[in-house]
Protein chains: 2
Amino acid sequence: MNDFTFLSPTRLIVGRKAEERTGEWIKAYGGHKALVHHDSMYCKTSGLVDKIIDTIHAAGVETVELGGVVPNPHLDLVYQGIELCRRENVDFVLAIGGGSVIDSAKAIAMGLKYDGDVWDLFVEDNGVTRGVETEPCVPVGVVLTIAATGSESSNSCVITKVDEQLKRFCDNDLHRPVFAIEDPELTMSLPKFQTACGVIDIMSHSMERYFTNVPTGNELTDRLCEAIFLTCMDCGRTLMDDPNNYDARANVMVASSLSHNGLTGIGRNNSGDWSSHFIEHELSGEYDVTHGAGLAVITPAWMKYVYRDNMPMFLKWATRVMGVSHDYCNPELTVLEGIRRLEDFFRSLGIPTTMREMPDVGVVPEEIMYKMAKRVRITNKNGTVGTLRQLATEDIVNIFRLAQ
Amino acid sequence: MNDFTFLSPTRLIVGRKAEERTGEWIKAYGGHKALVHHDSMYCKTSGLVDKIIDTIHAAGVETVELGGVVPNPHLDLVYQGIELCRRENVDFVLAIGGGSVIDSAKAIAMGLKYDGDVWDLFVEDNGVTRGVETEPCVPVGVVLTIAATGSESSNSCVITKVDEQLKRFCDNDLHRPVFAIEDPELTMSLPKFQTACGVIDIMSHSMERYFTNVPTGNELTDRLCEAIFLTCMDCGRTLMDDPNNYDARANVMVASSLSHNGLTGIGRNNSGDWSSHFIEHELSGEYDVTHGAGLAVITPAWMKYVYRDNMPMFLKWATRVMGVSHDYCNPELTVLEGIRRLEDFFRSLGIPTTMREMPDVGVVPEEIMYKMAKRVRITNKNGTVGTLRQLATEDIVNIFRLAQ
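Residues numbered from 1 in each chain as written. Chains lettered and ligands numbered in written order. Predicted model: local features only at pLDDT ≥ 70, side-chain atom pairs only at ≥ 80, totals over all residues. Heavy atoms only, no water.

**A word on helix H6 (residues 192–210) of chain A**
Turning to step 1, where the next piece is worked out: Here H6 of chain A contains 19 residues, and its C-alpha end-to-end distance of 27 Å stays within 8% of the 27 Å for a straight helix at 1.5 Å per residue.
Turning to step 2, where the next piece is worked out: Buried residues dominate H6 of chain A, accounting for 16 of its 19 residues. (Helix = DSSP H or I, 4+ residues; strand = E, 2+ residues; numbered from the N terminus. Expected span 1.5 Å × (residues − 1). Buried < 20%, exposed > 50% of the residue type's maximum accessible area, 1.4 Å probe, protein only.)

**Examining the sheet that holds strand E5 (residues 140–144) of chain B**
Turning to step 1, where the next piece is worked out: Read from one edge to the other, the open sheet built from 12 strands follows the order E3(A)-E2(A)-E4(A)-E5(A)-E8(A)-E1(A)-E1(B)-E8(B)-E5(B)-E4(B)-E2(B)-E3(B), with strand pairing classed as mixed. Each edge of the open sheet is held by one strand with a lone partner, namely strand E3 (62–66) of chain A together with strand E3 (62–66) of chain B. Pairs of neighbouring strands in the sheet enclose a mean axial angle of 25 degrees, with direction left out of account.
Turning to step 2, where the next piece is worked out: Bridge count between strand E2 (residues 33–37) of chain A and strand E4 (residues 92–97) of chain A: 4 bridges; the pairing is parallel. Paired with Val36 of chain A across the bridge in E4 of chain A is Leu94 of chain A. (Pairing = 2+ DSSP bridges. Axes fitted to C-alpha atoms, helices over the stretch in contact; angles between N-to-C directions.)

**A few points about the packing of aromatic side chains**
Turning to step 1, where the next piece is worked out: In this structure the tally under the stated criterion is 25 aromatic pairs over all chains.
Turning to step 2, where the next piece is worked out: A ring pair is formed by Tyr210 of chain A and Phe229 of chain A, whose centres lie 5.3 Å apart and whose planes are at 80 degrees; its orientation type is edge-to-face. With Tyr210 of chain A in helix H6 and Phe229 of chain A in helix H7 (residues 219–241), this pair connects stretches of sequence that are 19 residues apart. For the pair formed by Tyr210 of chain A and Phe229 of chain A, the shared burial category is buried.
Turning to step 3, where the next piece is worked out: Seen in terms of ring centroids, Phe314 of chain B and Trp317 of chain B are 6.4 Å apart; in terms of plane orientation they differ by 85 degrees. Their pairing is edge-to-face. Of this pair, Phe314 of chain B and Trp317 of chain B both sit in helix H11 (residues 311–320), separated by 3 residues, roughly a single helical turn.
Turning to step 4, where the next piece is worked out: Accessibility expressed as a relative area gives 0% for Phe314 of chain B, which makes it buried.
Turning to step 5, where the next piece is worked out: Feature note: the residues Tyr210, Phe211, Phe229, Trp302, Tyr307, Phe314 and Trp317 of chain A constitute an aromatic cluster, connected by ring pairs. (Phe/Tyr/Trp six-rings, centres within 6.5 Å; stacked < 30°, edge-to-face > 60°.)

**Regarding unusual backbone geometry**
Residue and element names in this part refer to chain B.
Turning to step 1, where the next piece is worked out: A positive phi angle, close to 60 degrees, is found at Lys17, a residue other than glycine.
Turning to step 2, where the next piece is worked out: Position of Lys17 among the secondary structure elements: in the loop between strand E1 (4–14) and helix H1 (22–28).
Turning to step 3, where the next piece is worked out: For Lys17, a relative accessible area of 45% translates into the label partly exposed.
Turning to step 4, where the next piece is worked out: A positive phi angle, close to 55 degrees, is found at Asn72, a residue other than glycine.
Turning to step 5, where the next piece is worked out: You can see Asn72 is positioned in the loop between E3 and helix H4 (75–88).

**Thoughts on the confidence of the model for chain A**
Residues and elements named next belong to chain A.
Turning to step 1, where the next piece is worked out: Overall, the prediction assigns chain A a mean pLDDT of 94, with 96% of residues at 70 or greater.
Turning to step 2, where the next piece is worked out: Note that pLDDT drops below 50 for residues 126–131; the model gives that stretch 12 contacts with residues more than four away or on any other chain.
Turning to step 3, where the next piece is worked out: Quick note on the complex model: pTM equals 0.96, ipTM equals 0.95. (pLDDT = per-residue confidence, 0-100. Contact = heavy atoms within 4.5 Å.)

**Things to note about the interface of chain B and chain A**
Turning to step 1, where the next piece is worked out: Facing 36 residues of chain B, the contacting portion of chain A comprises 36 residues.
Turning to step 2, where the next piece is worked out: Carbon and sulfur atoms make up 62% of the area that chain B and chain A hide from each other, which totals about 3200 Å².
Turning to step 3, where the next piece is worked out: On the chain B side of the interface with chain A, the three residues burying the most area are Met1, Leu220 and Arg223 of chain B, jointly 19% of the side's total.
Turning to step 4, where the next piece is worked out: For the pair chain B and chain A, the interface holds 2 salt bridges.
Turning to step 5, where the next piece is worked out: A salt bridge links Asp234 of chain A to Arg223 of chain B; the shortest N-O distance between them is 3.8 Å.
Turning to step 6, where the next piece is worked out: Seen at the junction of chain B and chain A, the total is 14 residue pairs in polar contact (both at pLDDT 80 or more).
Turning to step 7, where the next piece is worked out: For the side of chain B that touches chain A, the elements supplying multiple residues, two or more each, are E1, helix H7 (219–241) and helix H8 (246–259) of chain B.
Turning to step 8, where the next piece is worked out: For the side of chain B that touches chain A, the element with the most residues is E1 of chain B, which contributes 11 residues.
Turning to step 9, where the next piece is worked out: Here the residues of the side of chain B that touches chain A are counted per class, giving 21 nonpolar, 8 polar and 7 charged.
Turning to step 10, where the next piece is worked out: Of the pairings in the sheet, the one linking strand E1 (residues 4–14) of chain A to E1 of chain B comprises 7 bridges and is antiparallel in character. Residue pairing across strands places Thr5 of chain A opposite Ile13 of chain B, the latter belonging to E1 of chain B. (Buried area = accessible area lost by both parts, 1.4 Å probe. Salt bridge = Lys/Arg side-chain N within 4 Å of Asp/Glu carboxyl O. Polar contact = N/O pair within 3.5 Å; in protein donor to acceptor, adjacent residues only side chain to side chain. Nonpolar A, V, L, I, M, F, W, Y, C, P; charged D, E, K, R; others polar.)

**Concerning the domain arrangement of chain A**
Residue and element names in this part refer to chain A.
Turning to step 1, where the next piece is worked out: Domain assignment breaks chain A into domain 1 (11–186) and domain 2 (190–403).
Turning to step 2, where the next piece is worked out: Taken over C-alpha atoms, the centre of domain 1 sits 27 Å from the centre of domain 2.
Turning to step 3, where the next piece is worked out: Counting residues at the interface gives 27 residues for domain 1, matched by 23 residues for domain 2.
Turning to step 4, where the next piece is worked out: Summing both partners gives a buried area of about 2000 Å² for domain 1 against domain 2, and 59% of it is carried by carbon and sulfur.
Turning to step 5, where the next piece is worked out: Taken as a group, Ala147, Ala148 and Pro184 account for 25% of the area that domain 1 buries against domain 2, more than any other trio of residues on that side.
Turning to step 6, where the next piece is worked out: Where domain 1 meets domain 2, there are 0 salt bridges.
Turning to step 7, where the next piece is worked out: Elements with a contribution of two residues or more to the side of domain 1 that touches domain 2: E1 and strand E7 (166–169).
Turning to step 8, where the next piece is worked out: Broken down by element, the residue count for the side of domain 1 that touches domain 2 peaks at 3 residues, all from E7.
Turning to step 9, where the next piece is worked out: Its residues assigned to classes, the side of domain 1 that touches domain 2 comprises 9 nonpolar, 9 polar and 9 charged. (Domains from an automatic or database assignment.)

Right under this line is the structure:
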């Protein structure tokens, strides 16, 4: 086990109608005037935003509203939020929604305590994303409406600067939400496709931490990851037939918050591999596919390309999680059968596992593969991405070929 | 899944020589003058306390020292600590040691912010322990030297008032330590017996949460508990042969902190069963046996007595954790085989699983069984203990008979 520090200060408030106490929680965290941030879509039109605003007023807390968050949230709206909050003396930022709204709220909260341009905090150093510690943020709270990104308890924040086509990260413990209100019933109306993509994204956050270049010494962490994988697979399957199953919705929602708060990564010498995530980001960027659907294509391909570099972990996963019998004569067959079963699981959620089967993608020409591969975010100083195997452009193209 | 809120605000700082940064962490949490609290035994004589005090001074933080904590820590020393801290304007309490030292430190920290007698916070209401919320505590930090009680991240605190022979609890989220520094190497010198008792106690904290009257709907929580059980069994066995195995020490230490911080209890309609713990407390009180050793005797007996009341959970445990094949013709045999394997595991750690085999106990007369049973802490309003089955005096005596 490698040295680590772990802190997950987000209070999870889980249960039916939990959002009815939003105002009390904001007040408990010292809020007097809250920005209510949302995407102007389902949460607004369903009346959820207005209901929550009522609970906030009932707690004696004032509000200012800012909707309009879009997927891959825009820096422009962040600027607008900061300006509005400064003008209105806002001291609490509430996100009602999923990852995009939460990330936008985090950026506003950071910007409020930062004298310069908030985009400074997202700028990269020599092509490698750097974490920046700002002053303590204005507190951020969340009412979660989709289980997927884990942003409700993570230290991640991704913002897009549209005019320069830049999508940038700022990992910062100080913007972790102080609370995440999770009412599983709010996720019941999600379409099957969104539910499935969320489950895959949740699994991926722990897969990225499970499959690194550290094969042994983290028995507890390995098993915590496996708890996430197995729960997501059980409950994901249930939700395809029974989308209103409360327990399955609740387990997936809590899994979302535990899969990306750092818990499943403790004791490894880095925070994960993240190749699949970064490769998928470029697929999403090129073809506008949903992140979880892209991960269902990229992850198995990545596994097939790198598994030989950490056979002990892939064998552990194939046998413990995917239920494959260990073939001691040919352990590689055990791993490949595990990957095949993972693909089967993704397909059982209605999500294809090859690019050519994806409605928005199809057969990808080699030149597009190279174009996407060259754009993949560099995470290592030698110009590669990933830790289990450090992948250069040609490796990434090979992974796209396997995903074809 | 039942409604819950979960907050675990303790920063875990894990690694070799992590204690060398104790001073920096106290300073980061705003400490100017720290009480250094310990048991005057191993941690003091080994020089560990003095080394840590040096790091605190190096960080520009002053110290006051108070040793002398004993197992089942005494209220008198708590009073002494509160008086000392008030006189010296202490604003941070550091515990160096295990559960007793940490509990004593928590009580001092609570007392410092409470105008009345700190014992008020431990008093029971109609025989049922009540949780009391005080003002925010003076922050408590921990340098952990034994993995067992989980007090380093829990909301529990147990103090004994010697003159009245009262051992009382105060569960309070406000006294959860702000950090727990965990250097696995500090636990390597523990005798095998202490290591084994620690492993059993850690497992028990999640068993008490796993085996309740809620059979379904908590797949994630069930699997998190199983992660703790399996890790403790793997690493516990390793440590019997190889007590200096760093990874096994580290995994057990982190398991201690995750098994009792509430994580493995989320989503059940109460915080656990706790019958085995409370029954064991009386065995410990009568015969002065170590808590973990007592649990190795009481837990299997309790299981044999109650398993029929929650067959789904006992079957899940026997098959997933204890590796028993599910006997569909006679599922009870599956559970009983699981319990037998648990006893085997405890014995593989050198810990007996019957009272008559315990050096300090032997054959327990019926009248002593009744005496102990009548003393068991009541947790339900109808005068019983436990949730999986609510146990009255005669039930508890039956469990002692099974443990004989």
